[in-house]
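# Residue-level structure breakdown
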Amino acid sequence: MEEYAREPCPWRIIDDCGGAFTMGAIGGAVFQSVKGFRNAPSGINRRLIGSFMAIKQRAPIIAGNFAIWGGVFSMIDCTLVHYRKKEDPWNSIISGAATGGILAARSGLPTMAGSALIGGILLALIEGVGIFFTRLQAEQFKPPAFVDDPSHVGPMPQGYPS
């Protein structure tokens, strides 16, 4: 099984930025289509037009916000990889906290601290779930344990000394 390898750091920023933009565009289109459909006047044609108008107006903004978040996160992550000389979950957690704080800096220090805390907690949860599933999958590939007592194994095959 081939392991997913990430791009080297300068290209990782562009890759993550584009991936975040795509996620924001798709998710924003789905969310805004439902919102536009619900908020439009009655009648199926009006609701469909309202849905398409909401997608056209808001989905690019959501996609851009996602791209900004992904770009800032990746820049901080690459900086941490460079200075710490290792890639581990702490880089992602610190990057999430710093990204949350940086993007909320215009709202003042209390909001900035709250956003940094939430960003760090969210990334810690994501990394924790990733580690949990990695360990869960690793259990499948453990070699079987050797049994010292042959009475637990079952009858000995013919030809083996007992």
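Going by the annotation in an unreviewed UniProt entry, the name recorded for the protein chain is Mitochondrial import inner membrane translocase subunit tim17, with Vespula pensylvanica given as the source organism. Quoted verbatim from the Subcellular location (unreviewed entry) heading of the UniProt record, the comment on the protein chain is "Mitochondrion inner membrane".

A word on the overall build of the protein chain. From N to C terminus, the protein chain includes four helices and zero strands. Overall, the protein chain shows an N-to-C arrangement of helices and strands of α-α-α-α. A buried classification covers 24% of the 162 residues belonging to the protein chain. At a minimum sequence separation of 6, the contacts of the protein chain that also span at least 24 residues come to 51%. If you sum the accessible surface of the protein chain, you get close to 12200 Å²; carbon and sulfur atoms cover 68% of it.

With that out of the way, let us pick up the packing of helix H3 (residues 89–103) against helix H4 (residues 109–138). In contact at an axis separation of 6 Å, H3 and H4 are set at 155 degrees when each is read in the N-to-C sense. As the angle between them shows, H3 and H4 are arranged roughly antiparallel. Seen from above, H3 lies across H4 with right-handed handedness. Along the contact surface, H3 presents Pro89, Ser92, Ile93, Gly96, Ala97, Gly100 and Gly101, while H4 presents Met112, Ser115, Ala116, Gly119, Gly120, Leu123, Ala124, Glu127 and Ile131.

This part takes up the UniProt feature "transmembrane region" (unreviewed entry) in the protein chain. UniProt tags residues 61–83 and 112–133 as "transmembrane region" (unreviewed entry). Helix makes up 100% of residues 112–133 and strand 0%, and the two end C-alpha atoms of the span are 32 Å apart.

Time to look at the environment of Leu48. As for its placement among the helices and strands, Leu48 is situated in helix H2 (residues 44–84). Spatially, the C-alpha atom of Leu48 lies 8.4 Å from that of Ser33, the residues being 15 residues apart in sequence.

Next up on the list: the pattern of salt bridges. Evaluation of the coordinates by the stated rule reveals three salt bridges. Asp77 is the partner of Arg12 in a salt bridge, and the nearest nitrogen-oxygen pair spans 3.6 Å. Taken together, the residues span a long stretch of sequence, with Arg12 in helix H1 (residues 9–39) and Asp77 in helix H2 at a distance of 65 residues. Classification of Arg12 as buried rests on a relative accessible area of 4%.

A word on the packing of H2 against H3. Between H2 and H3, the shortest axis-to-axis distance is 8 Å and the interhelical angle comes to 135 degrees. One way to sum up the angle between H2 and H3 is to call them oblique. Between H2 and H3 the crossing geometry is right-handed. Along its contact with H2, which presents Ile68, Trp69, Val72, Phe73, Ile76, Asp77, Leu80, Val81 and Arg84, the element H3 presents Trp90, Asn91, Ser92, Ile94, Ser95, Gly96, Ala98, Thr99, Ile102 and Leu103. Among the residues forming the contact of H2 with H3, the class breakdown is twelve nonpolar, five polar and two charged.

This part takes up a nonpolar patch on the surface. Residues Leu117, Ile118, Ile121, Leu122 and Leu125 make up a contiguous nonpolar surface patch of roughly 500 Å² in combined accessible area. Mapped onto the elements, Leu125 comes out in helix H4. Note on Leu125: relative accessible area 53%, which makes it exposed.

Rules of the game
- Residues numbered from 1 in each chain as written.
- Predicted model: local features only at pLDDT ≥ 70, side-chain atom pairs only at ≥ 80, totals over all residues.
- Heavy atoms only, no water.
- UniProt positions renumbered as here; feature names shortened; annotations may be inferred.
- Helix = DSSP H or I, 4+ residues; strand = E, 2+ residues; numbered from the N terminus.
- Buried < 20%, exposed > 50% of the residue type's maximum accessible area, 1.4 Å probe, protein only.
- Contact = heavy atoms within 4.5 Å.
- Areas by Shrake-Rupley, 256 points an atom, 1.4 Å probe, with all protein chains shown as cover.
- Axes fitted to C-alpha atoms, helices over the stretch in contact; angles between N-to-C directions.
- Parallel < 35°, antiparallel > 145°, perpendicular 65-115°, else oblique.
- Left-handed = near helix turned anticlockwise from the far one by under 90°.
- Salt bridge = Lys/Arg side-chain N within 4 Å of Asp/Glu carboxyl O.
- Nonpolar A, V, L, I, M, F, W, Y, C, P; charged D, E, K, R; others polar.
- Patch = residues over 30% accessible without salt bridge, like charges linked within 9 Å, V, L, I, M, F, W, Y side chains within 5 Å.

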